[in-house]
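# Summary of the model geometry
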Protein chains: 2
Amino acid sequence: MSNILKNILERSLKEVSIDFVIFGFNGGELKVLLLKWKNTDKWSLPGGRIFPDENLNDAAVRILVERTGLKNHFLQQFHTFGDVIRNKNYSKSETYKYLETAFGGSFKTGESLGRVISVGYYALLDFEKVTAVPDLVTDECKWYQISELPLMLFDHNEMVEKALKTLRKDIRFMPISNLLPEKFTISEIQKLYETILNKQFDRRNFHKSLVSQDFLIKLDEKRIGNANKAPHLFKFDTQKYLVALENGIDL
Amino acid sequence: MSNILKNILERSLKEVSIDFVIFGFNGGELKVLLLKWKNTDKWSLPGGRIFPDENLNDAAVRILVERTGLKNHFLQQFHTFGDVIRNKNYSKSETYKYLETAFGGSFKTGESLGRVISVGYYALLDFEKVTAVPDLVTDECKWYQISELPLMLFDHNEMVEKALKTLRKDIRFMPISNLLPEKFTISEIQKLYETILNKQFDRRNFHKSLVSQDFLIKLDEKRIGNANKAPHLFKFDTQKYLVALENGIDL
């Protein structure tokens, strides 16, 4: 095991870690970022450790920036996973084998990798804007379609399921701005909602419900392009948007 | 410090604990259960430790049963609190003083009570059906009105706020059955929603929206009492109720 890795494990909290379901959205597609463990063909979600003098949320932001380089992301804690046995898809001995291969060293049970409770965060970003970077124990990053996820290490398939359920619940309450250009059309925001919720909305009703929200400002500009009809552009009213994010809306 | 207490602290996970926002509902009132720390006048939420061989959720159920005696409760994990400095209302030295008084022993920093990340659960129950019991470091239990909470130890005021926000969001998605009698009127369920959401609903709209949910069965019975008009009784369709609980509803 490398000294850097050893040092990080030794300096960090032992019983708690963070895992991330990083959703990538672009052009009607919703994907999840996975990392491949070094010298294995096994995948997991990105994750990381918390330093003793670091707030949990700060650790989450730090690790997400390390993996994606992106600072302006939508990041939400969604659930903490605390089963004693968290290797759901592979046996304990298999899991240890993959871990030892990736970490480049052998573990005794309880040493560095004893029972760990993991706090799950989900992030939502534009996968075209991100160059994902593997961490010290992984050697490949890949955006997987949600319907095509492999059997991951630990309880990570369960994590994705739970995160997706939370995201779908959350976006009914929280307008999400960071996946849209500064000025956008109602069709663009509808596409975002349809992709995340995996269902179609009636154009007219969606339009009506959204335009009635006071955190949207209708601009005097129109999107001029190849469309037959140039649609109006909108932007978020930052103040009201933050209030809506805090208090919840009813879309 | 008593040997029992010492033993529990030694046997448990050190870096993670559980805290509970136990909401009590009855007759249009919503309260929160607090415990007073032994030989002090300081209050906190009920909490507890996780054993190494115990799933996080099982620990939550165990501790809640220990405090309330109730097995049939509505229990939800809502947020994990991981700031380095979690004593928000009292200084570190004050907090240590109260802790040492209640625990009956002195602590060195880092010993048993170093940095602890706490997983928050909220429960919802009928406070008339519960005889709350203090734990080893507290000597009094009290149901506080939400608007009259004292300044609690640690970040517990923040926890109540976050839990209340989550509960209010959750009940728009999750029908809650355990606070109602087996057979209930629409007015009774409306009262429950109004109390939790702290707002009034139009009787007719609420009725219409609820009766359209397929997890409710309209019975042939009516509530005969002192009311002018005997209202119809309803009950939950258990199968469909569980599906609605899982998938979310739109009230």
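What you see is a predicted model; the values in this text were computed from it and never measured. (Residues numbered from 1 in each chain as written. Chains lettered and ligands numbered in written order. Predicted model: local features only at pLDDT ≥ 70, side-chain atom pairs only at ≥ 80, totals over all residues. Heavy atoms only, no water.)

### Some thoughts on the relation of the copies chain A and chain B
Under the fitted operation, chain A is carried onto chain B by 0.0 Å of movement along the axis and a turn of 180°, and the coordinates agree to an RMSD of 0.0 Å. On this basis, the relationship between the two copies can be described by a two-fold rotation axis. Of every C-alpha in chain A, the one belonging to Glu15(A) sits nearest the axis of rotation, 3.0 Å from it. Comparing interface residues between copies, 100% of those in chain A also sit at the interface in chain B, which points to an isologous, same-surface contact. (Least-squares fit on C-alpha atoms with pLDDT ≥ 70 in both. Contact = heavy atoms within 4.5 Å.)

### Considerations on a positive patch on the surface
Residue and element names in this part refer to chain A. Where like charges cluster on the molecular surface, the positive patch consists of Arg203, Arg204, Lys218, Lys222 and Lys229. Mapping Lys229 onto the fold places it in the loop between β8 (216-222) and β9 (232-236). On the accessibility criterion, Lys229 (70% relative accessible area) is exposed. (Patch = residues over 30% accessible without salt bridge, like charges linked within 9 Å, V, L, I, M, F, W, Y side chains within 5 Å. Areas by Shrake-Rupley, 256 points an atom, 1.4 Å probe, with all protein chains shown as cover. Salt bridge = Lys/Arg side-chain N within 4 Å of Asp/Glu carboxyl O. Lys, Arg positive; Asp, Glu negative; His and termini not counted. Charge placed at Lys NZ, Arg CZ, Asp CG, Glu CD. Helix = DSSP H or I, 4+ residues; strand = E, 2+ residues; numbered from the N terminus. Buried < 20%, exposed > 50% of the residue type's maximum accessible area, 1.4 Å probe, protein only.)

### Structural notes on the interface of chain A and chain B
With 29 residues of chain A at the contact, the number on the chain B side is 29 residues. Together, the buried faces of chain A and chain B total about 2,500 Å²; carbon and sulfur atoms form 49% of this surface. Interface area lost by chain A to chain B is led by Glu15(A), Arg115(A) and Phe173(A), which between them contribute 22%. Summed over the shared surface of chain A and chain B, the result is two salt bridges. (Buried area = accessible area lost by both parts, 1.4 Å probe.)

### Notes on the nonpolar core
Within the largest apolar cluster, 82 residues are counted, with the highest numbers of intra-cluster contacts made by Val21(A), Phe23(A), Val21(B) and Phe23(B). Excluding its chain neighbours within four sequence positions, the residues that come into contact with Phe23(A) are Leu30(A), Lys31(A), Val32(A), Tyr122(A), Ala123(A), Leu124(A), Leu125(A), Trp143(A), Ile146(A), Ala163(A), Leu164(A) and Leu167(A). Formed by 43 residues, the second largest nonpolar core is a distinct cluster that contains Ile63(A), Leu70(A), Leu125(A) and Ile50(B). (Core = buried A, V, L, I, M, F, W, Y, C linked by side-chain atoms within 4.5 Å.)

### Topic: the packing of aromatic side chains
As enumerated under the stated definition, the model contains 30 aromatic pairs over all chains in all. Measuring from ring centre to ring centre gives 6.3 Å for Phe78(B) and Tyr122(B), while their planes differ by 50°; the resulting arrangement is tilted. With a gap of 44 residues between them, Phe78(B) in strand β5 (residues 74-81) and Tyr122(B) in strand β6 (residues 117-126) connect regions that are remote in the sequence. Among the residues examined, Phe78(B) registers a relative accessible area of 11% and is labelled buried. Here the aromatic cluster, defined as three or more aromatic residues joined through ring pairs, consists of Phe23(A), Phe74(A), Phe78(A), Phe81(A) and Tyr122(A). In this arrangement the basic side chain of Lys31(A) is found over the ring face of Phe127(A), its NZ or CZ atom lying 4.7 Å from the centre. (Phe/Tyr/Trp six-rings, centres within 6.5 Å; stacked < 30°, edge-to-face > 60°. Lys NZ or Arg CZ within 6 Å of the ring centre and 35° of its normal.)

### Here we look at the confidence of the model for chain A
Residues and elements named next belong to chain A. Within chain A, residue pLDDT values average 89, and 94% of them lie at 70 or more. The lowest-confidence element of chain A is helix α7 (residues 238-247), averaging 80 in pLDDT; the highest-confidence one is strand β3 (residues 43-44), averaging 98. This prediction of the complex comes with two scores: 0.91 for pTM and 0.89 for ipTM. (pLDDT = per-residue confidence, 0-100.)

### Remarks on the side chain of His79(B)
Checked against the element boundaries, His79(B) lands in strand β5. Within polar-contact distance, the side chain of His79(B) engages the side chain of Gln77(A) at 3.4 Å. (Polar contact = N/O pair within 3.5 Å; in protein donor to acceptor, adjacent residues only side chain to side chain.)

### A short note on the packing of helix α5 (residues 186-197) of chain B against helix α6 (residues 203-211) of chain B
Residues and elements named next belong to chain B. It is at 10 Å that the axes of α5 and α6 come closest, and there the two elements cross at 105°. The angle between the axes of α5 and α6 places the two elements in the roughly perpendicular class. Contacts from Ile186, Ser187, Ile189, Gln190 and Tyr193 in α5 reach Arg203, Phe206, His207, Leu210 and Val211 in α6. Residues that form the contact of α5 with α6 fall into these classes: six nonpolar, three polar and one charged. (Axes fitted to C-alpha atoms, helices over the stretch in contact; angles between N-to-C directions. Parallel < 35°, antiparallel > 145°, perpendicular 65-115°, else oblique. Nonpolar A, V, L, I, M, F, W, Y, C, P; charged D, E, K, R; others polar.)

### Concerning the environment of Lys129(A)
Residue and element names in this part refer to chain A. Among the secondary structure elements, Lys129 is positioned in the loop between β6 (117-125) and β7 (138-145). In this structure Lys129 comes out as exposed when scored by relative accessible area, which is 59%. Along the sequence, Lys129 and Thr68 sit 61 residues apart, while their C-alpha atoms lie 9.1 Å from each other.

### So, the environment of Val130(A)
All names here are of chain A. Here Val130 is to be found in the loop between β6 and β7. For Val130, a relative accessible area of 10% puts it in the buried group. Each C-alpha atom, one on Val130 and one on Gly69, is 7.0 Å from the other, the two residues being 61 residues apart in sequence. The residues contacting Val130, other than those within four sequence positions of it, are Thr68, Leu70, Leu125 and Trp143.

### Thoughts on the pattern of salt bridges
Applying the stated criterion across every chain yields a total of 24 salt bridges over all chains. The salt bridge partner of Lys36(B) is Asp139(B), with a shortest N-O separation of 3.1 Å. Separated by 103 residues along the polypeptide, Lys36(B) in strand β2 (residues 29-37) and Asp139(B) in strand β7 (residues 138-145) bring together distant segments of the chain. Each of the salt bridges in this network shares a partner with another, and the network as a whole consists of Glu54(A), Arg62(A), Glu66(A) and Arg67(A).

### Considering unusual backbone geometry
Positioned with a positive phi, Asn39(A) is a non-glycine residue whose angle comes to about 60°. Relative to the elements of secondary structure, Asn39(A) occurs in the loop between β2 (29-37) and β3. A residue is classified by how much of its surface remains accessible, and Asn39(A), at 63% relative accessible area, is exposed. For Asn198(B), which is not glycine, the phi dihedral falls at a positive 55°. By the element assignment, Asn198(B) lies in the loop between α5 and α6.

### Quick look at the environment of Lys36(A)
All names here are of chain A. Of the residues examined, Lys36 reaches a relative accessible area of 13% and is grouped as buried. Expressed as a C-alpha distance, the spacing of Lys36 and Ile50, which sit 14 residues apart in the sequence, is 21 Å. Apart from residues no more than four positions distant in its own chain, Lys36 is found in contact with Asp41, Lys42, Trp43, Val137, Thr138, Asp139 and Glu140. At 2.8 Å, the side chain of Lys36 and the backbone oxygen of Thr40 are in polar contact.

### Brief notes about the side chain of Gln77(A)
Looking at where Gln77(A) falls in the secondary structure, it is placed in strand β5 (residues 74-81). For Gln77(A), a relative accessible area of 14% gives the class buried. Not counting chain neighbours up to four residues away, the residues in contact with Gln77(A) comprise Leu56(A), Asn57(A), Val119(A), Gly120(A), Tyr121(A), His79(B) and Thr80(B).

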